[in-house]
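Here are the chains, one letter per residue:
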Amino acid sequence: MKFFVDTADVAAIAELNDLGMVDGVTTNPSLILKSGRDILEVTKEICSIVSGPVSAEVVALKADEMIAEGRKLASIAPNIAVKVPLTWDGLKTCKVLSGEGFMVNVTLCFSANQALLAAKAGATFISPFVGRLDDINLDGLDLIADIRTIYDNYDFKTQILAASVRTVNHAKECALIGADVMTAPPAVIKSMANHILTDKGLEQFMADWAKTGQKIL
Ligand code: G3P
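Conventions and cut-offs
Residues numbered from 1 in each chain as written. Predicted model: local features only at pLDDT ≥ 70, side-chain atom pairs only at ≥ 80, totals over all residues. Heavy atoms only, no water. Helix = DSSP H or I, 4+ residues; strand = E, 2+ residues; numbered from the N terminus. Contact = heavy atoms within 4.5 Å. Areas by Shrake-Rupley, 256 points an atom, 1.4 Å probe, with all protein chains shown as cover. Lys, Arg positive; Asp, Glu negative; His and termini not counted. Charge placed at Lys NZ, Arg CZ, Asp CG, Glu CD. 1 Å grid on protein atoms, 1.4 Å probe; cavity = no way out; pocket = protein on both sides within 12 Å on 5 of 7 lines; lining within 4 Å. Points joined across faces, edges and corners; volume = space filled by probe spheres on them. Nonpolar A, V, L, I, M, F, W, Y, C, P; charged D, E, K, R; others polar. Core = buried A, V, L, I, M, F, W, Y, C linked by side-chain atoms within 4.5 Å. Buried < 20%, exposed > 50% of the residue type's maximum accessible area, 1.4 Å probe, protein only. Near = heavy atom within 4 Å. Polar contact = N/O pair within 3.5 Å; in protein donor to acceptor, adjacent residues only side chain to side chain. Sits in = over half its atoms within 2 Å of the grid points.

Asker: How would you explain the overall build of the protein chain if you had to name every residue and give the values?
Answerer: What the protein chain contains, in helices and strands, is 11 helices and 8 strands. Long-range contacts, defined here as pairs at least 24 residues apart, represent 57% of the contacts in the protein chain between residues at least 6 apart. For the protein chain, the exposed surface amounts to about 11400 Å²; the carbon and sulfur share of it is 57%. Within the protein chain, one finds 20 positive and 26 negative side-chain charges whose respective centroids are separated by 2 Å.

Asker: Hey, could you go over the layout of surface pockets for me, with residue numbers and the actual values?
Answerer: Counted as a void, the largest pocket has a volume near 590 Å³. At the level of secondary structure, the elements contributing two or more residues to the lining of the largest pocket comprise α2 (29-35) and β5 (103-109). Considering each element in turn, the lining of the largest pocket owes the most residues, 5 residues, to α2. Tallied by class, the residues present in the lining of the largest pocket amount to 11 nonpolar, 10 polar and 7 charged.

Asker: Can you explain the nonpolar core? Please cite residues and give values.
Answerer: Val-106 and Ile-126 are the most contacted members of the largest nonpolar core, which totals 57 residues. Examining the composition of this core, we find that 5 residues originate from one element, helix α8 (residues 140-154), more than from any other. Setting aside residues no more than four positions away along its own chain, Ile-126 makes contact with Leu-86, Asn-105, Val-106, Cys-109, Ala-115, Ala-118, Ile-147, Tyr-151, Thr-158, Gln-159, Ile-160 and Leu-161. In this structure, Phe-4, Ala-81, Phe-125 and Leu-161 belong to the second largest nonpolar core, which totals 5 residues.

Asker: Explain the site of the ligand residue by residue, including any values.
Answerer: Around the ligand sit Asp-6, Asn-28, Phe-129, Arg-132, Ala-163, Ser-164, Arg-166 and Thr-183, and those are all the residues in its vicinity. Between Asp-6 and the ligand, the recorded distance is 2.5 Å, taken from a side-chain N or O atom to an oxygen atom. Here an oxygen atom of the ligand and a side-chain polar atom of Arg-132 are 2.6 Å apart. Protein contacts shield 81% of the accessible area of the ligand, which totals 310 Å² for the unbound molecule. The cavity that encloses the ligand is the largest pocket. By residue class, the composition of the shell around the ligand is 2 nonpolar, 3 polar and 3 charged.

Here's what the structure looks like:
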């Protein structure tokens, strides 16, 4: 499973990228707001750090304007994936931009039928939101599994990009189901390294090592 990092925080992206943990980046208008940066500038900087797909989201609601915005975002760098919402106009935009050879990430997906439409419109990525379905007492991971089955049934090439991944359990289950990609905030990716028994075991090793009175360096 590829790891995309869900942030427009350049320092956080660079840190994970140096460790080989970043296969791509996803941003959205909320993350741009959080960064306090200009969308074109920060996206360009991210693309200079990360060689994999960097999603940048359109903000128009009508297809013709979405297409124009998408072309402008795509001109930032060759690794831009234009992100469009899963609306009818977003699907039209997906069809046009993917036909022009651009990567398209269709976002705000909350149903298997929406994912089916995105695949038929030529999406490179479909972004089902796991955590936001959990928020309304549905199981977001069930959606990832349903889309996996449907895409495999018909050999769709659209990649399942599990989004709104908020916990280490979400990450593990997405990998077990076979999501192609997950995107998660830096803190979630880093917390995948944590285990209470690792901490406990290390504490014991350090205590025993101190008793030996030895040094390695
Ligand atoms: O990639 C979409 C993601 O940013 C949404 O996450 O936690 O706001 O639902 P969240």
